[in-house]
Amino acid sequence: MGEKPFVLLLVDDSRSTATKLARALGSEQYAPRVVPAGPEVPGLATQVDLVLLCLEPSTDTGLSSLRRLMDVEGPGRGAPVLVIAPAEARELRLAALRLGVEVVAEPWDDEELRARMQRAFSAHQILMTLASQVSELQKLSVLDGLTLLHNHRYFQERLREEFRVAQRYDDALSLILLDLDHFKQINAQYGHPMGDDVLRKVARALQLSVRETDILARYGGEEFAVLLPRTPLAGAITVAERIWKELGLLRVGPDDRLQVTASLGLSGFPHRTVLSPDQLLLTADEALYRAKREGRNRICLHSPVPMLSGSQRL
């Protein structure tokens, strides 16, 4: 179990069993801490290597503590649990087994106790490793591999989810679609590795420009999407202007001499022509292509709303 002392939490109301456990395990290899069963036990379990929970047939506090320990979830999940229960307390031991923990009958064999402690700890480590791997795979499944922004699939899911919320609560929802100008020329002149580097730098610039509540994704190729929950078009214009200015400061290519520009299209809900997520996407796309037709490097809205004075050059 390693050179450092193995930290144990011995949960025992009477402390009599805990005393025998401490004596059986020794003090060099193990560092026991004895506490009574109580609501603080799950918190303490996150600070130790293993919990030894002593159950008594005459009280249900031990089983209550066990249930609370098994309810601890998340990255800081508590340590594995091994239950100590009297040999004659068959129903108690079965209840603990049904909750998914190792059980040792008292009186115990010292070697068996250590072996079961090691098995409980090893099994817990395997489960934690698997949980971490699953979490990482779930994260990767919604990210774009190049830019590490959210991917197209994740964006589509959130678009539909946020549109349902906006409809239900009569709230605002805005969408910004952004397409880099003349990006294919960068690929043609400098090669795809340079194009990939440009996309990564643009992604970082976008992350600096949007808010924590905004949903940023690589929509496809050199196109990006920003979904803005609970944001009317006026607020979306402010975000779009911030993005436009941040990209204007970006320099890429050999010796960082190339300037990146982008065309942006905005749309929002509620609007008489936006009655579905697909229509929100379509109207933002129409605004984006109008920006392209009108000369690129500018922001266009789905509705002909006058731009703010600071945006007249866009």
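Right above here is the structure, for reference.
Conventions we followed
- Residues numbered from 1 in each chain as written.
- Predicted model: local features only at pLDDT ≥ 70, side-chain atom pairs only at ≥ 80, totals over all residues.
- Heavy atoms only, no water.
- Helix = DSSP H or I, 4+ residues; strand = E, 2+ residues; numbered from the N terminus.
- Buried < 20%, exposed > 50% of the residue type's maximum accessible area, 1.4 Å probe, protein only.
- Polar contact = N/O pair within 3.5 Å; in protein donor to acceptor, adjacent residues only side chain to side chain.
- Pairing = 2+ DSSP bridges.
- Axes fitted to C-alpha atoms, helices over the stretch in contact; angles between N-to-C directions.
- Contact = heavy atoms within 4.5 Å.
- 1 Å grid on protein atoms, 1.4 Å probe; cavity = no way out; pocket = protein on both sides within 12 Å on 5 of 7 lines; lining within 4 Å.
- Points joined across faces, edges and corners; volume = space filled by probe spheres on them.
- Nonpolar A, V, L, I, M, F, W, Y, C, P; charged D, E, K, R; others polar.
- Expected span 1.5 Å × (residues − 1).
- Parallel < 35°, antiparallel > 145°, perpendicular 65-115°, else oblique.
- Core = buried A, V, L, I, M, F, W, Y, C linked by side-chain atoms within 4.5 Å.

## Some details on the environment of R90
Examined against the element boundaries, R90 turns out to sit in helix α4 (residues 90–98). Residue R90 is classed as exposed on the basis of its relative accessible area, which comes to 52%. For R90 and P254, which are 164 residues apart along the polypeptide, the C-alpha to C-alpha distance reads 75 Å. A distance of 3.2 Å separates a polar atom in the side chain of R90 from a polar atom in the side chain of E91.

## Side note on the sheet that holds strand β11 (residues 262–269)
Within the open sheet, the 5 strands sit side by side as β7-β8-β6-β11-β12. Their pairing is mixed. Both edges of this open sheet fall to β7 (215–220) and β12 (299–301), since each of them pairs with a single strand only. Direction aside, the axes of adjacent strands within the sheet are offset by 20° on average. Bridge count between β7 and strand β8 (residues 223–229): 5 bridges; the pairing is antiparallel. Paired with R218 across the strands is F224, a residue of β8. Packing of helix α10 (residues 277–293) onto the sheet brings it into contact with β6 (173–180), β7, β8, β11 and β12, and relative to β11 it is tilted by some 150°.

## A word on empty space enclosed by the protein
Counting across every chain of the model gives 2 cavities of 30 Å³ or more. Along the walls of the second largest cavity sit E162, V165, A166, D171, A172, L173, P229 and R230, which together make up its complete lining. When grouped by side-chain class, the residues that make up the lining of the second largest cavity number 5 nonpolar, no polar and 3 charged.

## A word on helix α8 (residues 192–209)
Taking 1.5 Å per residue, 18 residues should reach 26 Å; α8 reaches 25 Å between its end C-alpha atoms and fits that length. Among all positions in α8, only G195, V198, L199, K201, V202, A203, A205, L206 and S209 are buried. Tucked inside the fold, the buried residues of α8 contact β6, α7 (183–190), β7, β8, α9 (233–248) and β9 (251–252).

## Brief notes about the packing of helix α6 (residues 152–169) against α10
Remark: α6 packs on α10, axes separated minimally by 9 Å, with the N-to-C direction vectors making an angle of 115°. One element, α6, and the other, α10, form an angle in the roughly perpendicular class. Facing F155, Q156, L159, R160 and F163 of α6, the residues of α10 in contact are P277, D278, L280 and L281. A per-class count over the contact of α6 with α10 returns 6 nonpolar, 1 polar and 2 charged.

## Side note on the nonpolar core
Within the largest apolar cluster, 32 residues are counted, with the highest numbers of intra-cluster contacts made by I176, L178, L180, V202, I243, L264 and L266. Of all elements in the fold, only β6, α7, α8, β8, α9, β11 and β12 reach the threshold of two or more residues within this core. If you tally residues by element for this core, the top one is α9, at 7 residues. In this structure, V41, L63, V83 and L92 belong to the second largest nonpolar core, which totals 23 residues.

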